[in-house]
Amino acid sequence: MPLTAAQIVTLATQTAKCPAYTSQAGQFLNAILQDLYQTYDFEVTKKVFSSTFVTSGVSGPGNQYGPGCGPNVMPSDYLRAKNNEIIYYIQGVRYVMINVEEDEFDALVQSPGLNNYPTNFWVDVSVTPPLMYVWMPASGAYPYTVKYYSKMDDIATPETSTTVPWFPNQQYLLTRLAGQLMQLTNDDRYISYLGDSPSGAEGILRKYLELKDDPEGRVNTVQLDRRRFGPSRLNLPNTKIVGW
């Protein structure tokens, strides 16, 4: 049966021989969970969000983006989009948008009356909630779906909580939490507990990552950057009216 946050805190403080450090252990446990979702893409943190493209207004950073570019409001817990999973359908045809960086998006053509089916997007995560901008500017309020990796909520008062942490490998949580408590109390055992050996936290996590999300039986493929390979409007020559 999965351990609760309070049970993990208790076992880790006992292992680290500092049973009074329950408050510090709770803070460490939340920090460990934050580090995991911020660093790795786990299917358990994946969510789905649906909305429609915004087609009115001039509201990009500095107002340099025209109508149809957005902003499209994303969920407040949005962290990053799953690759090739911001999609929309028009008459049954599936369109998959390409994620680009802000500087590349800013270099795209913005001229009055320009609109079409969106091909590129970038998400401004410096604001809350995050805002998505698209190019070409959307020519209609098309419904779109986003599969994204989310920020996970902290556990309130982990030292007494009956919540089971979302990360499924509890041996890793126990070992890393104990190791960080040992580091806090100047216990030299922290080196082996946080290390890369099979029983160390880093070694346990590496083994788990090798098999996470059930990759067995799947063929790994190398994906080319769709901005550089395959058909794209970015490869079209300049016209006499507007350049791409």
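Everything in this summary refers to the structure shown in the same document. Numbers given for residues are sequential positions, taken from 1 along each chain in its written order. Per-residue local features are limited, in this predicted model, to residues with pLDDT of at least 70; the limit for side-chain atom pairs, both in listing and counting, is 80 or more; totals at the level of whole chains, interfaces and linings are taken over all residues. The side-chain quantities take in all heavy atoms of the structure and omit both hydrogens and water.

### Concerning the overall build of the chain
Okay, so step 1: Going along the chain from the N terminus, every DSSP run of H or I of four or more residues is numbered as a helix, and every run of E of two or more is numbered as a strand. Helix and strand counts for the chain come out as six helices and eight strands.
Okay, so step 2: Of the regular secondary structure in the chain, the N- to C-terminal order runs α-α-β-β-β-β-β-α-β-β-β-α-α-α.
Okay, so step 3: Residue burial is assigned from relative accessible area. The probe radius is 1.4 Å, only protein chains are included, and a residue is buried under 20% of its type maximum, exposed over 50%, and partly exposed in between. When burial is assessed residue by residue, the chain has 40% of its 244 residues classed as buried.
Okay, so step 4: With residues, only the protein chains shown are counted as cover, and all accessible areas are computed by Shrake-Rupley using a 1.4 Å probe. When the accessible area of the chain is evaluated, it comes to approximately 13,500 Å², of which 52% is carbon and sulfur surface.

### Brief notes about the environment of serine 51
Okay, so step 1: Secondary-structure assignment places serine 51 in strand 1 (residues 46-52).
Okay, so step 2: Linking serine 51 and methionine 74, residues 23 residues apart in sequence, is a C-alpha distance of 8.8 Å.
Okay, so step 3: Note on contacts: a residue pair qualifies if any of its non-hydrogen atoms lie within 4.5 Å across the two residues. Sequence-distant contacts of serine 51, defined by excluding residues within four places in its chain, comprise Tyr142, Pro143 and Tyr144.

### Side note on the sheet that holds strand 6 (residues 120-124)
Okay, so step 1: On the basis of which strands lie adjacent, the open sheet formed by four strands has the order 2-7-6-5 and mixed pairing. Since the sheet does not close on itself, it has two edges, and those belong to strand 2 (72-73) and strand 5 (98-99), each with one partner. The rule for pairing is simple: two strands pair if DSSP sees at least two bridges between them.

### Points about the nonpolar core
Okay, so step 1: By size, the foremost hydrophobic cluster in this structure holds 28 residues, and its most contacted members are Leu36, Phe167, Tyr172, Leu173 and Leu177.
Okay, so step 2: Contributing elements (two or more residues each) for this core: helix 1 (5-15), helix 2 (22-39), helix 4 (170-184) and helix 6 (201-211).
Okay, so step 3: When residues of this core are assigned to their parent elements, the largest contribution, seven residues, is made by helix 4.
Okay, so step 4: Dropping the residues within four chain positions of it, tyrosine 172 is found in contact with Ile32, Leu36, Phe167, Ala201, Ile204 and Leu205.
Okay, so step 5: Each nonpolar core is a collection of buried residues, namely Ala, Val, Leu, Ile, Met, Phe, Trp, Tyr and Cys, held together in the definition by side-chain atoms within 4.5 Å. With 17 residues, the next largest nonpolar core counts Phe53, Ala81, Ile86 and Val146 among its residues.

### Some remarks on helix 2
Okay, so step 1: With 18 residues, helix 2 should reach 26 Å at 1.5 Å per residue; the first-to-last C-alpha distance of 26 Å fits that figure.
Okay, so step 2: For helix 2, the set of buried residues is Ala25, Gly26, Leu29, Asn30, Ile32, Leu33, Leu36 and Tyr37. Along the long axis of helix 2, the arc covered by the buried residues comes to 155 degrees, so they all point the same way.
Okay, so step 3: The inward-facing, buried residues of helix 2 abut helix 1, strand 3 (78-90), strand 8 (143-150), helix 4 and helix 6. Take the residue count of a helix, subtract one, and multiply by 1.5 Å to get its expected span. Directions from the helix axis toward the C-beta atoms define the arc.

### Some details on the packing of helix 4 against helix 6
Okay, so step 1: What counts as an axis is a line fitted to C-alpha atoms, over the stretch in contact for a helix, and the angles between N-to-C directions run from 0 to 180 degrees. Where helix 4 contacts helix 6, the two axes come as close as 9 Å, and the packing angle between them is 160 degrees. For the element pair helix 4 / helix 6, the angle class is roughly antiparallel. The crossing of helix 4 and helix 6 is left-handed. Taking contact as the criterion, the partners of Gln171, Tyr172, Thr175 and Arg176 in helix 4 are, on helix 6, Ala201, Ile204 and Leu205.
Okay, so step 2: Residues are grouped as follows: nonpolar covers Ala, Val, Leu, Ile, Met, Phe, Trp, Tyr, Cys and Pro; charged covers Asp, Glu, Lys and Arg; every other residue, Gly included, is treated as polar. Across the contact of helix 4 with helix 6, the residue classes tally to four nonpolar, two polar and one charged. Each angle receives one of four descriptions, namely roughly parallel if under 35 degrees, roughly antiparallel if over 145, roughly perpendicular if within 65 to 115, and oblique otherwise. In this scheme the handedness of a crossing depends on how the near helix is turned from the far one: anticlockwise by less than a right angle means left-handed, clockwise means right-handed.

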